[in-house]
Amino acid sequence: MSASIPASTSSTFLPLPPAKDIPVTFTASLKSWWAAGDKQGTASEERLLRRLPFFQPEQMTSSTNDSPVIAHRERVQLASPKHFLNTLSIKSTNPSPTAPPPAVVLHGYGAGLGFFFRNFPALAQWAGHRGTDVFAVDWLGMGRSARVPFTVKAKRDDISGRVHEAESFFVDSLEEWRAKMGLEKMTLIGHSLGAYFSAVYALRYPTRVHKLILLSPAGVPRDPNNLTMPSRELTDEGDSRSTISTSHSAVAASTGGVKQIREEQKAIKEKESRSRRLLTYLWEEGWSPFQVVRSTLFWGPMLIGKYSSRRFSGLTEEEMRDMHDYILNITLSKGSGEYCISHILAPYAHARMPLVDRIAALKLPITFIYGEHDWMDPQGGLQSLENLRKAGNHLSRMYNIPYAGHHVYLDNPTAVNELLVAELNDVGEQLYLFAASRS
């Protein structure tokens, strides 16, 4: 085994004020709105990253500790002026000549790399043991990457043209980032819309992808009546049960397991209130929820606080405050990549060009992962596996994560981290057979 990662050295960092309480009054919301900005956004991200004992802030020189990895963040400049991708690099201090391809973690719609703070320690342990690297990247126009103008020139009825332009905004910038970082091949770990873009990247640049790990991927099913409910992102609560026990491991997805998830989704959809139907309509018609929040000005932080308190109720109080401050600063940043949604997804939240009809062209290993209480319809994952196998790709599989919703990696990090490391070590087949015996 590799050297263990040492205890946190955050006491040696320059002081960083704690995140303020989640606002519940107009006065507190106004103060929070006034303080938001790039400087506060940088601090909010660093609070999450300082939980990593191997993280070194930009103002620090190289550490003298014996950690097997060192992490730092940087803005990787792209060719176009003022275009950059915010990047966290977790690099091995003892690179191996036989190291597996690095892993690249890619967040979902309107999120950022800080969402994976509960997964970075396990990924860093893997990187240190295998002598390789892990990267987390904010998509162009999202997170803390450059908020550049997002435009699509294709006409409204040119569906393939609109989709291609919207996808290119993200996947072409990722390819430019890959070349800039000097990576030959990568394993992409994408969540939600980030999983969708990861699959699209692999379709365009198949020689650059070693494996795809898709966490609750968006845009998979073809059926416009699928049970995906994006409004639940604003109303679902976090599941604190995953923090009570570490024994709730991933289970291999089965037809019965998927049916159970879909029955829960159907029951919730039937009870959907009029206000939630409005949220669904606005989301699916391309209205950015972040645009709506920004339009409320001083009330914005309080609205975000209601989301944070509900969705991240499974975190500790300090983690919830830090996540709220991070999300707040991302949301209040200039609108950019978020406007892709109406070009990628048609009304009722199904993709205009579903992955289920495209993914069989890939000849590489693909792992689908859904939460037990996910609002993404897992039926698309099963259909994709069937299409892949018909095309001769028997390297793909699918898992369900207990005690987890759409943010599977955050709701049940123990199970997801175990699964990620197994897949990165290319021993996923053994884990899958074991998981199948429990499903």
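Residues numbered from 1 in each chain as written. Predicted model: local features only at pLDDT ≥ 70, side-chain atom pairs only at ≥ 80, totals over all residues. Heavy atoms only, no water.

Novice: I would appreciate a short explanation of the packing of aromatic side chains in the present structure.
Specialist: The relative placement of two aromatic rings is captured by the distance of their centres and the angle of their planes. Tallying each qualifying case throughout the model produces twelve aromatic pairs. On the numbers, 6.1 Å between centres and 55° between planes, the contact of Phe115 with Tyr326 is tilted. One end of the pair, Phe115, is in the loop between β3 (103–106) and α3 (120–130); the other, Tyr326, is in helix α10 (residues 317–331), with 211 residues separating them in the sequence. Here Phe115 matches Tyr326 in class, with each residue buried. Consider the rings of Phe170 and Phe197, whose centres lie 4.3 Å apart with planes at 20°: the pair is stacked. In this pair, Phe170 is assigned in helix α4 (residues 159–181) and Phe197 in helix α5 (residues 193–204), connecting sequence segments 27 residues apart. Take Phe170 and Phe197: they sit in the same class, and that class is buried. Clustering of aromatic rings is evident, with ring pairs tying together Trp139, Phe150, Phe169, Phe170, Tyr196 and Phe197. Stacked on the ring of Phe117, the Lys or Arg Arg51 has its end atom at 5.6 Å from the ring centre. (Phe/Tyr/Trp six-rings, centres within 6.5 Å; stacked < 30°, edge-to-face > 60°. Helix = DSSP H or I, 4+ residues; strand = E, 2+ residues; numbered from the N terminus. Buried < 20%, exposed > 50% of the residue type's maximum accessible area, 1.4 Å probe, protein only. Lys NZ or Arg CZ within 6 Å of the ring centre and 35° of its normal.)

Novice: Help me understand the pairing of strand β5 (residues 186–191), please; the structure alone is not making it clear to me.
Specialist: The two faces of a sheet get side chains in turn, since along a regular strand they alternate between them. With six of six residues buried, β5 lies mostly within the body of the structure. Burial along β5 is two-sided: Met186, Leu188 and Gly190 and Thr187, Ile189 and His191, pointing in opposite directions, are all buried. Sheet analysis places β3 next to β5, joined by four bridges and oriented parallel. What sits directly across from Val104, in β5, is Leu188. With six bridges joining them, β5 and strand β6 (residues 209–215) adopt parallel strand pairing. Paired with Ile189 across the bridge in β6 is Ile213. Each parallel crossover has a hand, and for β5 linked through α5 to β6 it is right-handed. (Pairing = 2+ DSSP bridges. Right-handed = clockwise from strand over helix to strand, strands pointing away.)

Novice: Can you help me understand the pattern of salt bridges in this one?
Specialist: Note that side chains of opposite charge can pair when their charged atoms are close. Under the defined criterion, the tally for this structure stands at 22 salt bridges. A salt bridge links Arg47 to Asp325, with the shortest nitrogen-to-oxygen separation between them at 2.8 Å. Of the two residues, Arg47 sits in helix α2 (residues 38–49) while Asp325 sits in helix α10, which places them 278 residues apart along the sequence. The residues Arg47 and Asp325 share a single accessibility class, namely buried. Lys211 is the partner of Glu423 in a salt bridge, and the nearest nitrogen-oxygen pair spans 3.3 Å. Residue Glu423 is found in helix α14 (residues 413–424), and its partner Lys211 is found in strand β6; the two are separated by 212 residues along the sequence. Using a relative accessible area of 1% as the deciding quantity, one classes Glu423 as buried. (Salt bridge = Lys/Arg side-chain N within 4 Å of Asp/Glu carboxyl O.)

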